[in-house]
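Topology and contacts: notes
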Amino acid sequence: MSFRMEKAARKDIDALCVLMTDLAGREISSEDMEDRLDMIEKSQIDRLFVCTEGSLVVGLLGFRIRENPEEVSRFGEISAIDVLPEYRKRGVGRFMMEYANQQARKLGCKGMWLVSDFGLEEEAHQFYQRLGYQTNGYRFVMLF
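In this report, we go over the structure that sits alongside the text. (Residues numbered from 1 in each chain as written. Predicted model: local features only at pLDDT ≥ 70, side-chain atom pairs only at ≥ 80, totals over all residues. Heavy atoms only, no water.)

Before going further, it helps to spend a moment on the packing of helix α1 (residues 13-24) against helix α2 (residues 30-42). Two numbers describe how α1 lies on α2: the axes approach to 9 Å, and their chain directions differ by 100 degrees. Here α1 lies roughly perpendicular to α2, going by the angle between them. Note on element contacts: α2 touches α1 through S30, M33, E34, R36 and L37, opposite I13, D14, L16, C17 and M20. When the residues that make up the contact of α1 with α2 are grouped by side-chain class, the tally is 6 nonpolar, 1 polar and 3 charged. (Axes fitted to C-alpha atoms, helices over the stretch in contact; angles between N-to-C directions. Helix = DSSP H or I, 4+ residues; strand = E, 2+ residues; numbered from the N terminus. Parallel < 35°, antiparallel > 145°, perpendicular 65-115°, else oblique. Contact = heavy atoms within 4.5 Å. Nonpolar A, V, L, I, M, F, W, Y, C, P; charged D, E, K, R; others polar.)

What follows concerns empty space enclosed by the protein. Considering all chains together, one arrives at 1 cavity of 30 Å³ or more under this definition. Space inside the largest cavity adds up to approximately 50 Å³. In terms of lining, the largest cavity is formed by K7, A8, A9, R10, L37, I40, E41 and L48. Per-element tally for the lining of the largest cavity: the top contributor is α2, with 3 residues. (1 Å grid on protein atoms, 1.4 Å probe; cavity = no way out; pocket = protein on both sides within 12 Å on 5 of 7 lines; lining within 4 Å. Points joined across faces, edges and corners; volume = space filled by probe spheres on them.)

Right, let's get into the sheet that holds strand β1 (residues 3-7). Strands sit in the order β1-β2-β3-β4-β5 across an open sheet of 5 strands; the sheet is mixed. Two strands close off the open sheet at either side, each with one partner strand: β1 and β5 (111-114). Averaged over all neighbouring strand pairs, the angle between strand axes comes to 30 degrees, with direction disregarded. Sheet strands in contact with helix α3 (residues 92-106) are β1, β2 (46-53), β3 (56-68), β4 (73-83) and β5, and its direction is about 160 degrees off that of β4. (Pairing = 2+ DSSP bridges.)

Moving on to the pairing of β5. In the sheet, β4 pairs with β5 via 4 bridges, with the strands oriented parallel. Along β5, the bridge assignment pairs I78 with L114. Remark: the β4/α3/β5 crossover connection has right-handed handedness. (Right-handed = clockwise from strand over helix to strand, strands pointing away.)

So, about the pattern of salt bridges. Across all of its chains, the model carries 13 salt bridges by this definition. We note a salt bridge from R10 to D38, for which the minimum N-O separation is 2.4 Å. Note that R10 is positioned in the loop between β1 and α1 and D38 in helix α2, a separation of 28 residues in sequence. The exposure class of R10 is partly exposed, given its relative accessible area of 37%. Judged by its relative accessible area of 29%, D38 falls in the partly exposed class. Between E77 and R64 there is a salt bridge; the shortest N-O distance is 3.4 Å. In this pair, E77 sits in strand β4 while R64 sits in strand β3, placing the two residues 13 residues apart along the sequence. Just as E77 is buried, R64 falls in that class too. (Salt bridge = Lys/Arg side-chain N within 4 Å of Asp/Glu carboxyl O. Buried < 20%, exposed > 50% of the residue type's maximum accessible area, 1.4 Å probe, protein only.)

Set out below in structure tokens:
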């Protein structure tokens, strides 16, 4: 299999809607996805990539840089990742995670991190652990 990574573009909106709907667990419309692409285009830290096999979008990767003032360092963050169900366990996720690592190294980061929801221990969390990620805390959230 030959996967490729490229910056997400307007031509990818339909495929991105399918992947983001799967990731979010709720319908993501074309308008919602266009708003997200607009936000990412304006962002200094966010990037959105698609993983393709031939002309088919098989995965998405959100990536950002996080600055750490505690020790004046940078980390790469995987802000979103999803693979079409029929492409899971075929190396797409591993390929995208390695791509994120390469981006982080190129941008002078000392490491990578990501946040994953509860309830994904059987699949996603084990995948991240096999790649060398370790659990190191909790995220606390307050919604307004």
